[in-house]
Amino acid sequence: IIKESKNMKESQEQVSKIVLSEEEVIEALKVEYSLTERETELIGLILKGMSNSEIADALYIGGATVKTHIHNILTKMELGKKTDIIVLVKERMTE
């Protein structure tokens, strides 16, 4: 009975947390920070752990263009580095 009660409490705690998908969070960030479609696309690829050169290859754009998009994202979101994007998205997924 004690074990059952503990499991019920853990289940209730899990239900009380809203869990969003990466896509939902990215869409919310797009609206909140006025991100372009391309910028949100880059965020998705950043979350997959892709390097700038891998992103450039995937999107058929130059490395300098990737850097420009990332700079614009960081500026709009008032973040310091690319990894801050990952941290922010992961945090927002479990708010």
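As the structure is a prediction and not an experimental result, all values here were calculated from the model.

### Observations concerning the packing of helix H5 (residues 63-77) against helix H6 (residues 82-93)
Stage number 1. Here H5 crosses H6 at 55°, and the two axes come no closer than 10 Å. In terms of axis orientation, H5 runs oblique to H6. The handedness of the crossing between H5 and H6 is left-handed. Two secondary-structure elements touch here, H5 through Ile70, Ile73, Leu74 and Met77 and H6 through Lys82, Ile85 and Leu88.

### Description of the confidence of the model for the chain
Stage number 1. Summary statistics for the chain give a mean pLDDT of 89 and a share of 82% for residues scoring 70 or more.
Stage number 2. Mean pLDDT values for the elements of the chain range from 57 in helix H1 (residues 2-16) up to 98 in H5.

### Considering H5
Stage number 1. In this model H5 runs 21 Å from its N-terminal to its C-terminal C-alpha over 15 residues, within 8% of the 21 Å that 1.5 Å per residue would give.
Stage number 2. Tucked into the core, H5 has its buried residues touching helix H2 (22-33), helix H3 (37-47), helix H4 (52-59) and H6.
Stage number 3. Immediately downstream of H5, the backbone of Glu78 shows phi near 55°, a positive value.

### Thoughts on the pattern of salt bridges
Stage number 1. Counted under the stated rule, the structure contains six salt bridges.
Stage number 2. Where Glu37 meets Lys30, a salt bridge forms, and the shortest distance between an N and an O atom there is 2.4 Å.
Stage number 3. Between Glu41 and Arg38 there is a salt bridge whose closest N-O contact spans 3.1 Å. In this pair, Glu41 and Arg38 both sit in helix H3, three residues apart, roughly one turn of the helix.
Stage number 4. Owing to a relative accessible area of 36%, Glu41 belongs among the partly exposed residues under this scheme.
Stage number 5. Classification of Arg38 by relative accessible area gives partly exposed; the value is 28%.

### Comments concerning the environment of Thr40
Stage number 1. Within the secondary structure, Thr40 sits in helix H3.
Stage number 2. Not counting chain neighbours up to four residues away, the residues in contact with Thr40 comprise Ile26, Lys30 and Leu35.
Stage number 3. Within the local environment of Thr40, its side chain forms a polar contact with the backbone oxygen of Glu37, the two atoms lying 2.7 Å apart.

### Some details on H2
Stage number 1. With twelve residues, H2 should cover 16 Å at 1.5 Å per step; its first-to-last C-alpha distance of 16 Å lies within 8% of that length.
Stage number 2. Listing the buried residues of H2 in full gives Val25, Ile26 and Leu29. Along the axis of H2, the buried residues cluster in a sector spanning 100°; they form a single face. The exposed residues of H2 that point more than 90 degrees off its buried face are Glu23 and Val31.
Stage number 3. Looking at the buried residues of H2, the elements they touch are H3, H5 and H6.
Stage number 4. A positive phi of about 55° marks Ser34, the residue just after H2.

The rules behind the values
As a convention, each chain's residues are numbered from 1 in the sequence order in which they are written. In keeping with the predicted nature of the model, local features appear solely for residues at pLDDT of at least 70, side-chain atom pairs appear and are counted solely at 80 or more, and the whole-chain, interface and lining totals rest on all residues. Hydrogens and water are ignored here; the side-chain numbers use all heavy atoms of the structure. Here an axis means a line fitted to C-alpha atoms, over the contact stretch when the element is a helix, while the angle between two N-to-C directions is reported on a 0 to 180 degree scale. Where helices and strands are cited, they refer to DSSP runs of H or I of at least four residues and of E of at least two residues respectively, numbered from the N terminus. Any angle between 65 and 115 degrees counts as roughly perpendicular, while under 35 counts as roughly parallel, over 145 as roughly antiparallel, and the rest as oblique. In this scheme the crossing of two helices becomes right-handed for a clockwise turn of the near helix relative to the far one and left-handed for an anticlockwise turn of less than a right angle. Residue contacts are defined here by distance: any two heavy atoms, one from each residue, within 4.5 Å place the two residues in contact. Per-residue confidence from the predictor is given as pLDDT, running between 0 and 100. In this scheme, a helix's expected span is set at 1.5 Å multiplied by one less than its residue total. Just to be clear on terms, a salt bridge is a Lys or Arg side-chain nitrogen sitting within 4 Å of an Asp or Glu carboxyl oxygen. When a residue's accessible area, from a 1.4 Å probe over protein chains only, is under 20% of the maximum for its type it is buried; when over 50% it is exposed; and in between it is partly exposed. As used in this structure description, the phrase polar contact means that two N or O atoms lie within 3.5 Å; if the pair is within protein, one of them must be able to donate a hydrogen and the other to accept it, and residues adjacent in sequence are counted only when both atoms belong to side chains. Note: the arc covers the axis-to-C-beta directions of the helix.

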